[in-house]
Amino acid sequence: MDRTDRFINNCAPKKLLLIFLFLIMLSACIAFFVSGRCADAIVNEQIRSELSVAGGGKITDFPDDEHIAAGEQRLKKYSIDRNITPRMMKSYSRVRRLIFYTISGLLNLISAIWYFISLHELMAIYRDLEALRLECIKAADSSENAVINLYGEDLGSVHRISDAVETLVNSLNNIKFSLSSEQRYLRVFLTDLSHQIKTSLAVVRLNTDMLTELGDLSEERREKLSDEIQLNLDGMERLVIEAIKYAKLEADAVEYDMQETDLSAVCQLAVKRISPLLRKKNITVKTALPENIIMQCDKSWLCEAVENILKNSADHSGCTEISAEVIADPVMKKIVLTDNGKGIPQEEIPRLFERFSSRSCDTSMYSSGLGMSISQRIVRAHGGDILVYSEPDRGSRFEFVFIK
């Protein structure tokens with residue numbers, strides 16, 4: 001937008017022009033009034049001076065009443081005295097015009113200077129605002145992080161607007177980055193999830209084709225294929241359920257029912273729920289669960305977190321024994337889960353809570369690969385964290401630590 005467009009498309013310059021025209025008319029009125037008063041005074045003094053000269057006074061002297069009175073006596077026959085109306089003098093119009101033009105021109109010049117300075121400053125403000133508008137449009141259309149320049153004086157309104165726009169654009173950049181990160185996360189998550197499901201689907205499809213196309217299969221072989229189909233269907237169901245839980249936790253869409261709960265009761269419930277798997281794998285459980293260690297928590301979700309860690313140990317560690325403890329001291333409360341399995345290499349511990357990071361030797365499809373991530377998010381939502389201590393061939397220790 002050039003200067004003409006800024007003038008035409010904004011109301012303020014037009015208002016300035018109207019004010020300028022009003023000042024010109026006001027200047028003319030003021031000049032007309034003042035010139036009349038000044039002309040009356042000047043011509044009146046001129047009459048007094050001429051009467052003084054006519055009465056014998058010197059033209060260079062200040063007229064006094066004695067000479068003025070003498071002049072009036074000499075010019076009495078012409079009806080000329082000091083009270084004669086100044087407007088009757090020939091010089092009156094010329095004197096008044098001179099004064100009018102001088103005052104009017106001076107006032108108009110001041111008004112014009114004010115108008116052009118104000119218009120110039122206003123156009124400068126519009127120029128900065130227009131530049132800011134273009135940068136906002138560019139920031140809205142840009143796929144990369146946008147930068148807004150600051151305009152105007154340091155304490156001026158335009159500068160503050162620029163600063164506010166910069167803050168807004170920075171927030172939009174952060175939102176854009178978050179959305180981009182969420183898109184990448186969703187893309188990778190769906191890729192991993194589909195890969196996990198495809199494996200089971202391939203087994204189901206292959207076994208189904210064998211059952212339908214091969215008529216000479218033995219009854220034992222048919223039962224085995226059917227069991228594998230059911231096993232993979234159960235695994236896919238479990239994977240979908242845990243994927244939904246993980247997505248809800250990741251989106252902070254879980255509403256926790258926080259109540260005072262005994263942590264020992266949480267551990268007992270988790271062990272009871274995981275007992276069928278532990279019996280199947282011949283894993284014994286030792287517990288040290290003192291009562292009355294109370295904490296504000298959601299019993300159902302925290303039990304889910306404990307159960308997932310127990311399940312991970314049963315599926316991946318090759319252990320024969322798991323112990324569960326609840327410990328409290330003046331600083332913190334802890335749920336400690338320990339196994340005597342093969343342990344975890346140090347370089348793999350940082351990746352332990354990433355989704356689909358577990359490398360299971362279990363062929364039952366019981367593990368989804370999301371349990372550890374779910375447990376970490378549940379514990380962190382309760383204000384705690386999970387610490388892992390492990391060495392190869394010496395088992396693993398998982399501590400749910402909650403600071404009081």
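Structural data are supplied above this passage.
Calculation rules
Each chain carries its own residue numbering, running from 1 in the direction its sequence is written. Restriction of local features to residues with pLDDT of at least 70 applies here, the model being predicted, together with a cutoff of 80 or more for giving and counting side-chain atom pairs; totals for whole chains, interfaces and linings are based on all residues. Side-chain metrics rest on all non-hydrogen atoms present in the structure, leaving aside hydrogens and water. The way it works is that DSSP assigns letters per residue, a run of H or I at least four long becomes a helix, a run of E at least two long becomes a strand, and they are numbered from the N terminus. The atom set for the radius of gyration is the C-alpha atoms, and the globule formula is 2.2 Å times the number of residues raised to the power 0.38. Burial classes follow relative accessibility: with a 1.4 Å probe on protein chains only, a residue under 20% of its type's maximum area counts as buried, one over 50% as exposed, and anything between as partly exposed. Whether two residues are in contact is decided by their heavy atoms: any pair within 4.5 Å suffices. Exposure was quantified through the Shrake-Rupley algorithm and a 1.4 Å probe, taking into account, for residues, occlusion by the shown protein chains and nothing else. Just so you know, the count uses Lys and Arg for positive and Asp and Glu for negative, and it drops His and the chain ends. A charge is said to be at NZ when it belongs to Lys, at CZ for Arg, at CG for Asp and at CD for Glu. Any Lys or Arg side-chain nitrogen found within 4 Å of a carboxyl oxygen on Asp or Glu counts as a salt bridge. Whether two strands pair comes down to DSSP finding at least two bridges between them. Axis lines are fitted to C-alpha atoms, over the contacting stretch for helices. Their N-to-C directions set the angle, which ranges from 0 to 180 degrees.

### Let's talk about the overall build of the chain
Reasoning step 1: Looking only at helices and strands, one finds nine helices and seven strands in the chain.
Reasoning step 2: On C-alpha atoms alone, the chain measures out to a radius of gyration of 49 Å, which is more than a quarter above the 22 Å that the 2.2 N^0.38 rule sets for 404 residues.
Reasoning step 3: Taken over 404 residues, the chain has a buried fraction of 38%.
Reasoning step 4: A separation threshold of at least 6 residues defines the contact pool for the chain, and within that pool the share at least 24 residues apart is 69%.
Reasoning step 5: Within the structure as shown, the chain displays about 24,600 Å² of accessible surface, and the carbon and sulfur contribution to it stands at 57%.
Reasoning step 6: Separation between the mean location of the 50 positive side-chain charges and that of the 57 negative ones in the chain comes to 9 Å.

### Some thoughts on the pattern of salt bridges
Reasoning step 1: For the coordinates displayed, the defined rule picks out ten salt bridges.
Reasoning step 2: Between Arg133 and Glu130 there is a salt bridge, with its nearest N and O atoms 2.5 Å apart. Pair noted here: Arg133 and Glu130 are both in helix α4 (residues 91-141), with a separation of three residues, about one helical turn.
Reasoning step 3: Note on Glu130: relative accessible area 10%, which makes it buried.
Reasoning step 4: The shortest N-O distance in the salt bridge between Lys286 and Glu321 comes to 3.5 Å. A residue pair is termed long-range when its members are at least 10 positions apart, and Lys286 in strand β2 (residues 284-288) and Glu321 in strand β4 (residues 321-328) qualify at 35 residues.
Reasoning step 5: Here Glu321 falls in the partly exposed class, since its relative accessible area comes to 29%.

### As for the sheet that holds β4
Reasoning step 1: The strand order across the open sheet built from five strands is β2-β4-β5-β7-β6, with neighbouring strands paired in mixed fashion. The strands lining the two open edges of the sheet, one partner per strand, are β2 and β6 (384-390). Strand-to-strand, the axes of this sheet are offset by a mean angle of 15°, without reference to chain direction.
Reasoning step 2: As defined by bridge partners, strand β5 (residues 332-339) adjoins strand β7 (residues 396-403) across eight bridges and the pair is classed as antiparallel. Bridged to Val336 within β7 is Glu399.
Reasoning step 3: Running at roughly 170° to β4, helix α7 (residues 263-280) makes contact with β2, β4 and β5 of the sheet.
Reasoning step 4: Packing against the sheet, helix α9 (residues 371-381) makes contact with β6 and β7, and its axis sits at approximately 135° to β6.

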